[in-house]
Amino acid sequence: MESTLNEVIEYIRNLAPAVWTILIKQVYSDAIANIIVGVFALILTIIFLQSITICVKKMSEHPHDMWEIPITFLSIGVAITVLISLLSLVNAFRYIYNPEFYAIQQIIRTIR
């Protein structure tokens, strides 16, 4: 499988080197976009966690108010942003680790 993949890579490099270079740059730009999304989601996670700690402090000061609802929604937000950040960062590292594979995938998607 790996030898076939290497043969396809060499064939595309020889056939259209400019196209191959553009495809590799596109894969790296996808990786950078995923890193930006992952970092932004982590920042939102930190903001949500700080908001939860503020709500918990207010809840201890005013136990009769309804602080459970914002804490619940913030907890759901933390779960979603952690999931988004993990998926984005994992995809970014996959793109950086093996850009040739994803460039070939783009070619195959274009042909279909």
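Rules used throughout
Counting from 1, residues in each chain are numbered in the order their sequence is written. pLDDT decides what is reported in this predicted model: residues at 70 or higher carry local features, side-chain atom pairs at 80 or more are listed and counted, and totals for whole chains, interfaces and linings draw on all residues regardless. Side-chain metrics rest on all non-hydrogen atoms present in the structure, leaving aside hydrogens and water. Helix numbering and strand numbering both begin at the N terminus, where a helix is a DSSP run of H or I of at least 4 residues and a strand a DSSP run of E of at least 2. Computation of the radius of gyration draws on C-alpha atoms alone. For the globule rule, the value is 2.2 Å times the number of residues to the power 0.38. To sort residues, take the accessible area from a 1.4 Å probe on protein chains only and compare it with the maximum for the residue type: under 20% means buried, over 50% means exposed, and anything in between is partly exposed. Whether two residues are in contact is decided by their heavy atoms, any of which lying within 4.5 Å being enough. Per-residue accessibility takes into account occlusion by the displayed protein chains alone, with areas from the Shrake-Rupley method and a 1.4 Å probe. This count recognises Lys and Arg as positive and Asp and Glu as negative, with His and chain-terminal groups excluded. Charged groups are reduced to one reference atom each: NZ for lysine, CZ for arginine, CG for aspartic acid, CD for glutamic acid. Take the number of residues in a helix, subtract one, and multiply by 1.5 Å to get its expected span. The patch calculation keeps residues exceeding 30% relative accessible area without a salt bridge and links them within 9 Å when they carry like charges or within 5 Å when they are nonpolar (Val, Leu, Ile, Met, Phe, Trp, Tyr). Note on definitions: salt bridges are taken to be side-chain nitrogens of Lys or Arg within 4 Å of carboxyl oxygens of Asp or Glu. Ring pairs are drawn from Phe, Tyr and Trp, using the six-membered ring of Trp, whenever the two centres fall within 6.5 Å, and their geometry is named by plane angle: stacked under 30 degrees, edge-to-face over 60, tilted for the rest.

K.L.:
Is there a simple way to think about the overall build of the protein chain in this case?
P.N.:
Per the secondary structure count, the protein chain includes four helices and zero strands. Helices and strands appear in the protein chain in the N-to-C order α-α-α-α. Expected size for 112 residues packed as a compact globule is a radius of gyration near 13 Å; at 22 Å, the protein chain overshoots this value by more than 25%. Considering only C-alpha atoms, the protein chain reaches an extent of 70 × 20 × 20 Å along its principal axes. Split into buried and exposed, the 112 residues of the protein chain put 25% on the buried side. In the protein chain, 77% of the contacts between residues at least 6 apart in sequence involve partners at least 24 apart. Carbon and sulfur atoms provide 71% of the accessible area of the protein chain, an area that totals close to 8100 Å². If the 7 positive side-chain charges of the protein chain are averaged to one point and the 8 negative ones to another, these points end up 5 Å apart.

K.L.:
Honestly, the environment of T21 in this entry has me stumped. Any pointers?
P.N.:
With respect to the helices and strands, T21 occurs in helix α2 (residues 17-61). Measuring from C-alpha to C-alpha, the distance between T21 and I47 comes to 39 Å, with 26 residues separating the pair along the chain.

K.L.:
Please explain helix α4 (residues 99-111) as it appears in this structure.
P.N.:
Residues spaced three or four apart along an α-helix point in a common direction, a consequence of the helix completing one turn every 3.6 residues. In a regular helix each residue adds 1.5 Å, so 13 residues correspond to 18 Å; α4 covers 19 Å between its end C-alpha atoms and thus fits that length. Among all positions of α4, only P99, Y102, A103, I104 and Q106 are buried.

K.L.:
Where do I start with a nonpolar patch on the surface in this structure?
P.N.:
Side chains of V37, M66, I69, F73, I76, I80 and I84 sit close together on the surface and give an oily, nonpolar patch of about 680 Å² of accessible area. At five residues, the largest contribution of residues to the nonpolar patch is made by helix α3 (residues 68-97). Inspection of the secondary structure assignment puts F73 in helix α3. With relative accessibility at 59%, the residue F73 sits in the exposed group.

K.L.:
Teacher, can you tell me more about the packing of aromatic side chains here?
P.N.:
Describing an aromatic ring pair means giving the distance of the ring centres and the angle of the ring planes. With the rule as written, the count across this model stands at two aromatic pairs. Ring geometry for Y95 versus Y102: centroids 4.8 Å apart, planes at 80 degrees, classification edge-to-face. Each of the two residues, Y95 as well as Y102, counts as buried. Aromatic pair F101 and Y102: ring centres 5.0 Å apart, planes at 85 degrees, arrangement edge-to-face. Site record: aromatic cluster; members linked through ring pairs are Y95, F101 and Y102.

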